[in-house]
Amino acid sequence: MTARAIWKGVVRFKEIGIPVKLYSAIEDRDVHFRLLHRKDKSPVKQVMVNPKTDEVVPYHATLRAYRTDEGGLVALERDELDELQPETSRDIRILHFLPRNVIDHHWYKRPYYLGPDGSVEDYFALADALKDSGTEGLARWVMRNKEYVGALRLYLEYPILIALRYAEQVLSVDELEAPKGKPLDDRELAMARQLIGMLEAEFEPEDYADEYRERVLEMIAAKQRGGQVKKSPRHKSVPPEDLTRALEASLRKVKHG
């Protein structure tokens, strides 16, 4: 299936403008369900109900409210919120150029492939500039009434745009309680290093799949055929009492496949 562009924009820095198309680099592959009435298998729908009167409330008769830390509600009209939306634009404005890979992965939110929208020469000139400079751009843009900050960088020689999380969305590691316990002794450290060495491998994404999703689809296919659904037994592992025994058990398991 050929990818379809979800949005068009213009990468801008200084007086330079390079038209591009955005393509989503990820796809929702979750299994989605419809709710049915158990009695007659009719699809049911969700409605909004006033809990005081049990009356169904249509969408146009609602407004939004923000719950404060003190438990109160601040009502907001839709037109009030609409006035606060960012100004519509097609610009992907580069704010700064940063050293490559300086943005840690835990800031990443959603990746987008970039393709040319018109001049292929300008598009590849952008890719060459990013490669030769060893930098990535910190960008800001508005797409579908939502403002984004992202990293413009190269992936396999092609430009990609990665939407970033905002600072208030990322928790600092300083908020975690420091782990406590005695350090590993020489024997435990040697076994840990041996276990790591035995498990070293290249990352092959195709080797990893959503096993729950696959089991659900297999069950659906079996029910479609009218067949019996077999339940796989679940095995619970019993953790060893201490780290040394855990490392020894892991080494034996790896050695014997």
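Visitor: Quick question: what am I supposed to make of the overall build of the protein here?
Guide: Regarding its fold elements, the protein presents five helices and nine strands. Ordered by position in the sequence, the α and β elements of the protein form the string β-β-β-β-α-β-β-α-β-β-β-α-α-α. Taken over C-alpha atoms, the radius of gyration comes to 26 Å for the protein, far larger than the 18 Å a tight globule of 257 residues would show. Each principal axis of the C-alpha distribution contributes one length, and for the protein these read about 65 × 60 × 50 Å. By the burial criterion, 19% of the 257 residues in the protein qualify as buried. Working note: accessible area of the protein is about 21300 Å², and carbon and sulfur atoms make up 53% of it. Charge centroids of the protein, computed over 42 positive and 44 negative side chains, lie 8 Å from each other.

Visitor: I tried to follow helix 3 (residues 186–198) on my own but got confused; where do I start?
Guide: Residues that lie three or four places apart on an α-helix share one face, since the helix turns once every 3.6 residues. Counted at 1.5 Å a residue, the expected span for helix 3 with its 13 residues is 18 Å, and the 18 Å between its end C-alpha atoms agrees. Every buried residue of helix 3 is listed here: E188, M191, A192 and L195. Down the axis, helix 3 shows its buried residues gathered within 100° of arc, on one side only. What points out from helix 3, more than 90 degrees from its buried face, is the exposed set D186 and R193. You can read the cap of helix 3 off the contacts: a side-chain oxygen lies 3.2 Å from the backbone nitrogen of R187, and it is on D185.

Visitor: Where do I start with the packing of aromatic side chains in this structure?
Guide: To describe a pair of aromatic rings, one takes the distance between the centres and the angle between the planes. For the coordinates displayed, the defined rule picks out five aromatic pairs. Pairing Y123 with F124 gives two aromatic rings, centres 5.1 Å apart and planes at 80°, and the pair type is edge-to-face. The buried category is assigned to Y123, whose relative accessible area is 4%. Three or more aromatic residues link up through ring pairs in this structure, and these residues are Y123, F124 and Y158. In this structure, R78 packs its charged tip against the face of Y59, placed 4.3 Å from the ring centre.

Visitor: Looking at this model, I keep getting lost on the sheet that holds strand 9 (residues 158–164). Mind explaining?
Guide: Spatial strand order, 1-2-6-9-8-7-5: seven strands in a closed barrel with mixed pairing. Here the average twist between neighbouring strands, direction ignored, is 40°. Examined bridge by bridge, strand 5 (residues 91–99) and strand 7 (residues 135–143) share seven bridges and lie antiparallel to one another. Residue pairing in the sheet places I92 in a bridge with W141 of strand 7. Seen against the sheet, helix 2 (residues 120–133) touches strand 1 (7–13), strand 2 (16–24), strand 5, strand 6 (108–116), strand 7, strand 8 (146–155) and strand 9 and runs at an angle of roughly 75° to strand 8.

Visitor: Mind showing me how you'd approach the pattern of salt bridges here?
Guide: Oppositely charged side chains can pair when the atoms bearing their charge come close. On inspection of all chains with the given rule, the structure shows eight salt bridges. Taking the shortest distance from any N to any O, the salt bridge between R93 and D91 comes out at 3.1 Å. Note that E177 and K180 form a salt bridge whose closest N and O atoms lie 3.8 Å from each other. Accessibility expressed as a relative area gives 68% for E177, which makes it exposed. For K180, a relative accessible area of 73% puts it in the exposed group. Taken together, the salt bridges that share partners define one network made up of R12, D91 and R93.

Visitor: Can you walk me through the pairing of strand 5 in this structure?
Guide: In summary, the side chains of a regular strand alternate between the two faces of the sheet. Relative to strand 5, strand 1 is paired through three bridges, and the arrangement is parallel. Bridging from a neighbouring strand, V10 pairs with D91 of strand 5.

Cut-offs applied
Residues numbered from 1 in each chain as written. Predicted model: local features only at pLDDT ≥ 70, side-chain atom pairs only at ≥ 80, totals over all residues. Heavy atoms only, no water. Helix = DSSP H or I, 4+ residues; strand = E, 2+ residues; numbered from the N terminus. Rg over C-alpha atoms; globule rule 2.2 N^0.38 Å. Buried < 20%, exposed > 50% of the residue type's maximum accessible area, 1.4 Å probe, protein only. Areas by Shrake-Rupley, 256 points an atom, 1.4 Å probe, with all protein chains shown as cover. Lys, Arg positive; Asp, Glu negative; His and termini not counted. Charge placed at Lys NZ, Arg CZ, Asp CG, Glu CD. Expected span 1.5 Å × (residues − 1). Arc of directions from axis to C-beta. Polar contact = N/O pair within 3.5 Å; in protein donor to acceptor, adjacent residues only side chain to side chain. Phe/Tyr/Trp six-rings, centres within 6.5 Å; stacked < 30°, edge-to-face > 60°. Lys NZ or Arg CZ within 6 Å of the ring centre and 35° of its normal. Pairing = 2+ DSSP bridges. Axes fitted to C-alpha atoms, helices over the stretch in contact; angles between N-to-C directions. Contact = heavy atoms within 4.5 Å. Salt bridge = Lys/Arg side-chain N within 4 Å of Asp/Glu carboxyl O.

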